Amino acid sequence: MDDMTTGARVGNGVKWLLAVVGIFGIYLLIQVVVVGFGGAMIGVTAALVSGDSGSLMEDGAFDNAILMLGVAAQLVVIAVFLPWWRHLRPASFVARREAVAPVGVSFAKSFALLLAIGVSAQFFVGGILEIVESVFPEAMAEYSELMEDASVGVFGVVSMLSIAVLAPINEEIVCRGVMLEYAMRAMSPGWNAVYGARYRVVPVHAFWIANMLQALAFGVLHMNLIQGSYAFVLGVALGWVFWRTGKLRYPIILHFALNISSYLVEPLYPLTSVLPTGAVILCAGLLCMAGIWAFGRLWSSSDSLPAIEMPQGESCTSTTVDMMNVGRQHAPAVPGTPFGEIEGAGLGAVQAEAPAGALGVRDRLDVVGEAGKGPTPPDGYVC
């Protein structure tokens, strides 16, 4: 039964959408403070010490310094958002997804398919960009200047590690982790801190709207129209991979494949240039679509979250649920919600204490599994 007013539902939805915007702002703030402020300080220091900051710009030292500041910013993002995501995950929607994801799926097959998708997507995008360059040469000139990497030696290695390893890790934690969770809460406005996503019913369209919201934020974060356009599409695919598997490592692998394969485009250009651009786009596009289809078959499940009955004796209005009997996991409860994560099991065995007057029970009850009925839950929950 829906016990929330329309105003309350709208208010909750807006609150979590603002949370997505807030995460976006924090991410940008870290970049501005570490890279922008740090770069300004380096320039000022060089001018004060040598009296000429121009030489710093010309010999590439400033570019190397900015590269190192960028790496520092990535590490700060991970340091801030990884604990944040670990804090959110136990009561998150993706924790429930993991519980209903297919069991026993081959990691090797998943890894190989994600590599194929990532590499083919890179060449598909490269072919599209060749067409864009012929239509919008000025925009592509700006894009090419932005993407140019003149790092050499040890700084070249650092640049590759930054692009291929650190960027996938920090962007997946922020966008597919924290942002997608908050977007899911916006699309499921009956979410509350007591039960989290534990019993939420999520229709397919709710996930896809939330997924596109985080992908939009992911695209805008790149701060470039061309890069942001294809980043949006890739963000949708990355969010789908995360949702299907329930594990963040899989979108990180796909993101890694996309980024590392950018270093293959130039060496393989003599081979790919033999083919017409249209043929490259067609071949890469078909390979990418085939990989996505095969991955979807491998991780075959509905993108919705079904109704789950609340265990007998667990009142929807109860606010005291402890973690004394969650088994070997002993996952800590997340502040603001009494449930810790039960990895790979979804709903595990818990001890629930019904408040005075709830079902006429005051004693602690051992509740195992998902069966049983209780009083009418808040909106969107099923007892």
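Predicted, not measured: the structure shown is a model, and the values here were computed from it.

### Thoughts on the overall build of the chain
For the chain, the count of helices and strands is 13 helices and three strands. Burial statistics for the chain: of 383 residues in total, 46% are counted as buried. When contacts within the chain are restricted to residue pairs at least 6 apart in sequence, those whose partners lie at least 24 apart make up 81%. Carbon and sulfur atoms provide 68% of the accessible area of the chain, an area that totals close to 18600 Å².

### A closer look at the layout of surface pockets
Volume-wise, the second largest pocket comes out at about 540 Å³. Contributing to the lining of the second largest pocket are 25 residues, with Phe124, Val125, Ser229, Tyr230 and Val233 lying nearest its centre. If you list the elements that add at least two residues to the lining of the second largest pocket, you get α5 (107-135), α6 (137-147), α9 (225-245), α10 (249-260) and α13 (277-298). Classifying every residue of the lining of the second largest pocket gives 21 nonpolar, three polar and one charged.

### Quick word on the confidence of the model for the chain
Overall, the prediction assigns the chain a mean pLDDT of 79, with 75% of residues at 70 or greater. This model gives residues 316-383 a pLDDT under 50, and the stretch forms 152 contacts once residues within four places in sequence are excluded.

### Side note on empty space enclosed by the protein
Per the stated rule, a full pass over the model turns up one cavity of 30 Å³ or more. The volume enclosed by the largest cavity comes to roughly 40 Å³. As for the largest cavity, its lining consists of Trp85, Phe93, Val94, Arg176, Gly177, Leu180, Glu181, Met184, Phe242 and Trp243. Mapped onto the lining of the largest cavity, the elements with two or more residues apiece are α4 (93-100), α7 (154-187) and α9. With five residues, α7 is the single largest residue contributor to the lining of the largest cavity.

### Section: the packing of α6 against α9
At a minimum axis distance of 8 Å, the contact between α6 and α9 shows a crossing angle of 80°. One way to sum up the angle between α6 and α9 is to call them roughly perpendicular. Of the residues in α9, those in contact with Ala139, Met140, Tyr143, Leu146 and Met147 of α6 are Ile226, Gln227 and Tyr230. Partitioned by chemical class, the residues of the contact of α6 with α9 number seven nonpolar, one polar and no charged.

### Things to note about the pattern of salt bridges
In this structure the tally under the stated criterion is five salt bridges. Taking the shortest distance from any N to any O, the salt bridge between arginine 176 and glutamate 172 comes out at 2.6 Å. With a gap of four residues between them, arginine 176 and glutamate 172 both fall in helix α7, about one helical turn apart. On the basis of relative accessibility, which here comes to 0%, the residue arginine 176 falls in the buried class. Among the charged side chains, a salt-bridge network with shared partners connects Arg89, Glu98 and Lys247.

### Quick notes on helix α8 (residues 204-221)
With 18 residues, α8 should cover 26 Å at 1.5 Å per step; its first-to-last C-alpha distance of 26 Å lies within 8% of that length. Among all positions of α8, only Ala206, Phe207, Ala210, Asn211, Gln214, Ala215, Ala217, Phe218, Gly219 and Leu221 are buried. Following α8 by one or two positions, methionine 223 has its phi on the positive side, about 55°.

### Quick look at the environment of valine 76
Examined against the element boundaries, valine 76 turns out to sit in helix α3 (residues 61-88). On the basis of relative accessible area, valine 76 is assigned to the partly exposed category, the value being 33%. Residues valine 76 and glutamine 31, spaced 45 residues apart in sequence, show a C-alpha to C-alpha distance of 9.2 Å. Leaving out residues up to four positions away in the same chain, valine 76 has contacts with Ile30 and Val34.

### Considerations on the packing of aromatic side chains
Counted by the stated rule, this structure contains twelve aromatic pairs. Between phenylalanine 107 and tyrosine 250 the ring centres are 5.9 Å apart and the planes differ by 50°, which places this aromatic pair in the tilted class. Here phenylalanine 107, found in helix α5, pairs with tyrosine 250, found in helix α10; they are 143 residues apart in sequence, far enough to count as distant.

### So, unusual backbone geometry
Not every positive phi belongs to a glycine, and methionine 223 is a case in point at roughly 55°. Given the relative accessible area of 54%, methionine 223 is considered exposed.

What counts, and where the lines are drawn
- Residues numbered from 1 in each chain as written.
- Predicted model: local features only at pLDDT ≥ 70, side-chain atom pairs only at ≥ 80, totals over all residues.
- Heavy atoms only, no water.
- Helix = DSSP H or I, 4+ residues; strand = E, 2+ residues; numbered from the N terminus.
- Buried < 20%, exposed > 50% of the residue type's maximum accessible area, 1.4 Å probe, protein only.
- Contact = heavy atoms within 4.5 Å.
- Areas by Shrake-Rupley, 256 points an atom, 1.4 Å probe, with all protein chains shown as cover.
- 1 Å grid on protein atoms, 1.4 Å probe; cavity = no way out; pocket = protein on both sides within 12 Å on 5 of 7 lines; lining within 4 Å.
- Points joined across faces, edges and corners; volume = space filled by probe spheres on them.
- Nonpolar A, V, L, I, M, F, W, Y, C, P; charged D, E, K, R; others polar.
- pLDDT = per-residue confidence, 0-100.
- Axes fitted to C-alpha atoms, helices over the stretch in contact; angles between N-to-C directions.
- Parallel < 35°, antiparallel > 145°, perpendicular 65-115°, else oblique.
- Salt bridge = Lys/Arg side-chain N within 4 Å of Asp/Glu carboxyl O.
- Expected span 1.5 Å × (residues − 1).
- Phe/Tyr/Trp six-rings, centres within 6.5 Å; stacked < 30°, edge-to-face > 60°.

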